[in-house]
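# Residue-level structure breakdown
Chain by chain, the residues:
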Amino acid sequence: MEKAKSYHISKYVVQEAYERVRANKGAEGIDGETIKEFEENKENNLYKIWNRMSSGSYFPPPVKAVEIEKDGGKKRKLGIPTVSDRIAQMVVKIYLEPFVEPHFHEDSYGYRPKKSGQQAIGVTRARCWKYDWVVDIDIKGFFDNLDHDLVMRALGKHTQEPWILLYVKRWLQAPIQEKDGTIQQRTKGTPQGGVISPLLANLFLHYTFDEWMKRNHPQNPFARYADDIVVHCKTENEAKKLKEAIKGRLLECKLELHPEKTKIVYCKDSNRKGSGQNEKFDFLGYTFRPRSSRNRYGKLFTNFSPAISDKAKQKIRKEVKSWKKVIKPNSTLTEFAARINPKITGWINYYGKYFASALWDTMREIEEAIMNWAKKKYEKLKRSWRKARTWLSKVKQRQPNLCTHWQWMRKHDWNGRAV
């Protein structure tokens, strides 16, 4: 007879947590175990997680420090949990999310069911037409500086389930193992890369920012995707005062506005005759700035609108250049297309929604990558770009739907308008 457990945690939820982690894939943690290796002894591994969580004896191992490159050559440190720990975190997320989700603000878009970055872009675009000014907020080292006591206080407003409180606290305090093997203890922050971290970040900012704005500045709509936030104002003076108020609020919650990256932006267009020190801002991979557009009658006007940012283009360019290393010339064109099409589909779906003409440079770079591959594969094309272009043109005629971006290019003229 199995001994009674301290906490009632369903085995079915542990199984569901495993399925979600498996679908999300992800890298291995400090133990080096991959999802495939975990599956080799899946039933026993899942039982161990359930047994330890149910008895209160589950202690998370250190997270693995991994650095990724940020814009400008800087590094961002992620903390990657082990596969088992990701499953344990997912168990808590499955239990906790239904309790907190209904309370979140409608303009919180990050890491939430039925919410997306593209929705945030759309609502921000519409508001930039109504409000002349934007406060573009950057919180300095947000994930690294979350105060543990304040996180737990926010969590306590939504659950008093002892095992959830116990394990969230343990995850907050879990150390990080550096590349050289040294262990760093943590007294604040929640590592980016964890399953539970986005939910805790949203919960923290719900009380730190969303609810505070709702109470104190209901006339200023905002869009927030995790810690990326833009707030709209009618006047420059209002924007300046609001920026200082937000700065003070964050300090109360042991956070800090980034002094260089936080800025006030004027949404310049044909109907706004003034000017501002800043007349563009980046938000979720898009740059909002004045752009030349045509109205329904074909007349040119200046429209403050979003398009794919230069930073996003650079990331895509880097990805496209990497294809020559991972897709070998002995591959077939069909195999090449199967490898790149999911990526291209994602780029078009996200960045092609607004001001699609900005994607044309990216499409040309993809075309060049295909021709480069062909020049290595076929001897007759090696020394001639003209022949490579002719070859590509014939392939498009024979197999017009082979590559996703060919379909997109046929549907848009050079201005990115639908044909």
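### Describing empty space enclosed by the protein
- Applying the stated criterion across every chain yields a total of one cavity of 30 Å³ or more.
- A volume near 50 Å³ is recorded for the largest cavity.
- Forming the boundary of the largest cavity are Val63, Asp85, Gln89, Trp171, Ala174, Thr190, Pro191, Ile196 and Ser197.
- The residue makeup of the lining of the largest cavity, split by class, is five nonpolar, three polar and one charged.

### Digging into the nonpolar core
- Among the nonpolar cores identified, the biggest contains 66 residues, and Met53, Ile87 and Val231 are the most heavily contacted of them.
- Those residues in contact with methionine 53 that lie beyond four places of it in its chain are Tyr7, Ile9, Tyr58, Ala88, Val91, Val92, Trp163, Tyr167 and Trp171.
- One finds Phe283, Ala337, Trp373 and Leu402 within the second-largest nonpolar core, a separate group that totals 52 residues.

### Some details on the pattern of salt bridges
- Tallied over the entire structure, the rule returns 17 salt bridges.
- Linking glutamate 178 and lysine 77 is a salt bridge whose minimum nitrogen-to-oxygen distance equals 2.9 Å. Separated by 101 residues along the polypeptide, glutamate 178 in the loop between β4 (176–177) and β5 (183–184) and lysine 77 in strand β2 (residues 75–80) bring together distant segments of the chain.
- Between aspartate 269 and arginine 272 there is a salt bridge, with its nearest N and O atoms 3.6 Å apart.
- With relative accessibility at 11%, the residue aspartate 269 sits in the buried group.
- Classification of arginine 272 as buried rests on a relative accessible area of 7%.
- Residues joined by salt bridges that share partners form a network here, namely Asp132, Asp269 and Arg272.

### Focus on the environment of phenylalanine 281
- Positionally, phenylalanine 281 belongs in strand β9 (residues 281–283).
- Sequence separation between phenylalanine 281 and threonine 262 is 19 residues; the distance between their C-alpha atoms is 9.9 Å.
- Beyond its immediate stretch of four places on either side in the chain, phenylalanine 281 contacts Thr124, Cys128, Val134, Asp136, Val230, Lys263, Val265, Tyr286, Thr287, Phe288 and Phe304.

### Here we look at the side chain of glutamate 97
- Position of glutamate 97 among the secondary structure elements: in helix α4 (residues 83–100).
- Although glutamate 97 is buried, it forms no salt bridge, and the closest oppositely charged side chain is lysine 93 at an N-O distance of 4.2 Å.

### Topic: the packing of aromatic side chains
- Counted by the stated rule, this structure contains 22 aromatic pairs.
- Between tryptophan 360 and tryptophan 408 the ring centres are 5.5 Å apart and the planes differ by 55°, which places this aromatic pair in the tilted class. Of this pair, tryptophan 360 sits in helix α13 (residues 360–377) while tryptophan 408 sits in helix α15 (residues 404–411); the two residues are 48 residues apart in sequence, bridging distant segments of the chain. The residues tryptophan 360 and tryptophan 408 share a single accessibility class, namely buried.
- Taking the ring centre of tyrosine 131 as reference, the NZ or CZ of lysine 234 above it sits at 4.5 Å.
- Sitting over the ring of phenylalanine 355, arginine 291 keeps its end group 5.2 Å from the ring centre.

### Things to note about unusual backbone geometry
- For tyrosine 111, which is not a glycine, the phi torsion comes out positive at approximately 55°.
- For tyrosine 111, a relative accessible area of 48% puts it in the partly exposed group.
- One non-glycine residue with positive phi stands out, namely lysine 254, at about 65°.
- Tracing the chain through its elements places lysine 254 in the loop between α10 (236–252) and β8 (263–266).

### Overview of the pairing of strand β10 (residues 286–294)
- The sheet contact formed by β9 and β10 spans three bridges and is antiparallel. Bridge pairing in β10 places aspartate 282 opposite threonine 287.
- A loop of five residues connects β10 with strand β11 (residues 300–308), the two strands running antiparallel in sequence, and glycine 298 in this loop sits at a positive phi of about 85°.

### With respect to the sheet that holds β10
- The three strands lie next to each other as β9-β10-β11, forming an open sheet whose pairing is antiparallel. Only two strands of the sheet have a single neighbouring strand rather than two, namely β9 and β11. Across the sheet, the mean angle separating the axes of adjacent strands is 50° when strand polarity is ignored.
- Of the strands in this sheet, β9, β10 and β11 are in contact with helix α11 (residues 310–326), which crosses β11 at around 45°.

### A word on the layout of surface pockets
- In this structure, the second largest pocket encloses a volume near 300 Å³.
- In terms of lining, the second largest pocket is formed by 14 residues, of which the most central are Val320, Lys321, Lys324, Ala369 and Asn372.
- Put simply, the parts of the chain that give the lining of the second largest pocket at least two residues each are α11 and α13.
- The leading source of residues in the lining of the second largest pocket is α13, at six residues.
- Here the lining of the second largest pocket is composed, by residue class, of seven nonpolar, one polar and six charged.

### Re the sheet that holds β2
- Across the sheet, four strands lie side by side as β2-β1-β4-β5; this open sheet has mixed pairing. A single partner strand is all that each edge strand has here, and the edge strands are β2 and β5.
- Pairing of strand β1 (residues 63–69) with β4, which is carried by two bridges, proceeds in the parallel orientation. Its bridge partner lying in β4, lysine 64 is registered against glutamine 177.

### A few points about the environment of valine 195
- Within the fold, valine 195 resides in the loop between β5 and α9 (197–216).
- The sequence separation of valine 195 and proline 259 amounts to 64 residues, and the corresponding C-alpha distance is 30 Å.
- With residues near it in sequence (within four places) discarded, valine 195 still touches Arg86, Gln89, Met90 and Lys93.

Cut-off values and rules
Residues numbered from 1 in each chain as written. Predicted model: local features only at pLDDT ≥ 70, side-chain atom pairs only at ≥ 80, totals over all residues. Heavy atoms only, no water. 1 Å grid on protein atoms, 1.4 Å probe; cavity = no way out; pocket = protein on both sides within 12 Å on 5 of 7 lines; lining within 4 Å. Points joined across faces, edges and corners; volume = space filled by probe spheres on them. Nonpolar A, V, L, I, M, F, W, Y, C, P; charged D, E, K, R; others polar. Core = buried A, V, L, I, M, F, W, Y, C linked by side-chain atoms within 4.5 Å. Buried < 20%, exposed > 50% of the residue type's maximum accessible area, 1.4 Å probe, protein only. Contact = heavy atoms within 4.5 Å. Salt bridge = Lys/Arg side-chain N within 4 Å of Asp/Glu carboxyl O. Helix = DSSP H or I, 4+ residues; strand = E, 2+ residues; numbered from the N terminus. Lys, Arg positive; Asp, Glu negative; His and termini not counted. Phe/Tyr/Trp six-rings, centres within 6.5 Å; stacked < 30°, edge-to-face > 60°. Lys NZ or Arg CZ within 6 Å of the ring centre and 35° of its normal. Pairing = 2+ DSSP bridges. Axes fitted to C-alpha atoms, helices over the stretch in contact; angles between N-to-C directions.

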